[in-house]
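Residues per chain are reported as follows:
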Amino acid sequence: YLIYPNDRIAEGSKVAFANLHSSMLQKRVVAIGELLTRITSSSRLVAVFPQAERRDPEFNDQMSPPGMIVVHLPFEDDVRAMDSGFTANTIDEGLVHKAMALIQHQKLEDVEIGLNFENTAIERFWK
């Protein structure tokens, strides 16, 4: 989950959130909390990570918004030992920039969604 304040529901939440967020980033800490998503569900332990805003230096586009990332902590039964040969996948930043450039240069001219593309599910329904 990405959490962000909402002054319409809780007045003053933006100020409190901004102070907590900047303090957590400055101190480089993580919070441990309890999350209740619905009244009828049981609460879970969570870790709350502050996420700083990241911008693309070349285009000044926002790559990730500021906020807090909430991650469910596993139960003791869910934790297992890792295989000794495990290696994590990493993403090459150059490849990400090339993919972004490719997507930005795609142009769909004279295309109207719903008119130029047939919806096979609707066609099957009406047959």
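In this report, the structure presented in the accompanying data block is examined. (Residues numbered from 1 in each chain as written. Predicted model: local features only at pLDDT ≥ 70, side-chain atom pairs only at ≥ 80, totals over all residues. Heavy atoms only, no water.)

This brings us to the overall build of the chain. Counting its secondary structure elements, the chain contains three helices and six strands. Starting at the N terminus and ending at the C terminus, the chain contains elements arranged as β-α-β-β-β-β-β-α-α. For the chain, whose C-alpha radius of gyration is 22 Å, the value lies well above the compact-globule estimate of 14 Å for 127 residues. Oriented by its inertia axes, the alpha-carbon framework of the chain measures out at about 55 × 50 × 45 Å. The buried share among the 127 residues of the chain stands at 11%. Within the chain, counting contacts between residues at least 6 apart in sequence, those at least 24 apart form 44% of the total. Between the mean site of the 13 positive side-chain charges and the mean site of the 18 negative ones, the chain shows a separation of 3 Å. (Helix = DSSP H or I, 4+ residues; strand = E, 2+ residues; numbered from the N terminus. Rg over C-alpha atoms; globule rule 2.2 N^0.38 Å. Buried < 20%, exposed > 50% of the residue type's maximum accessible area, 1.4 Å probe, protein only. Contact = heavy atoms within 4.5 Å. Lys, Arg positive; Asp, Glu negative; His and termini not counted. Charge placed at Lys NZ, Arg CZ, Asp CG, Glu CD.)

All right, on to the packing of aromatic side chains then. This structure, assessed with the given rule, holds two aromatic pairs. Note on Phe 125 and Trp 126: the rings are 5.0 Å apart at their centroids and 85 degrees apart in plane angle, and the pair reads as edge-to-face. Relative accessible area serves as the criterion here: at 60%, Phe 125 is assigned to the exposed category. According to the relative accessible area criterion, Trp 126 is exposed, its value standing at 68%. (Phe/Tyr/Trp six-rings, centres within 6.5 Å; stacked < 30°, edge-to-face > 60°.)

On the surface, a nonpolar cluster with roughly 440 Å² of combined accessible area is contributed by Val 30, Ile 32, Leu 45, Phe 49 and Val 71. Secondary-structure assignment places Val 71 in strand β6 (residues 67-72). (Patch = residues over 30% accessible without salt bridge, like charges linked within 9 Å, V, L, I, M, F, W, Y side chains within 5 Å. Areas by Shrake-Rupley, 256 points an atom, 1.4 Å probe, with all protein chains shown as cover. Salt bridge = Lys/Arg side-chain N within 4 Å of Asp/Glu carboxyl O.)

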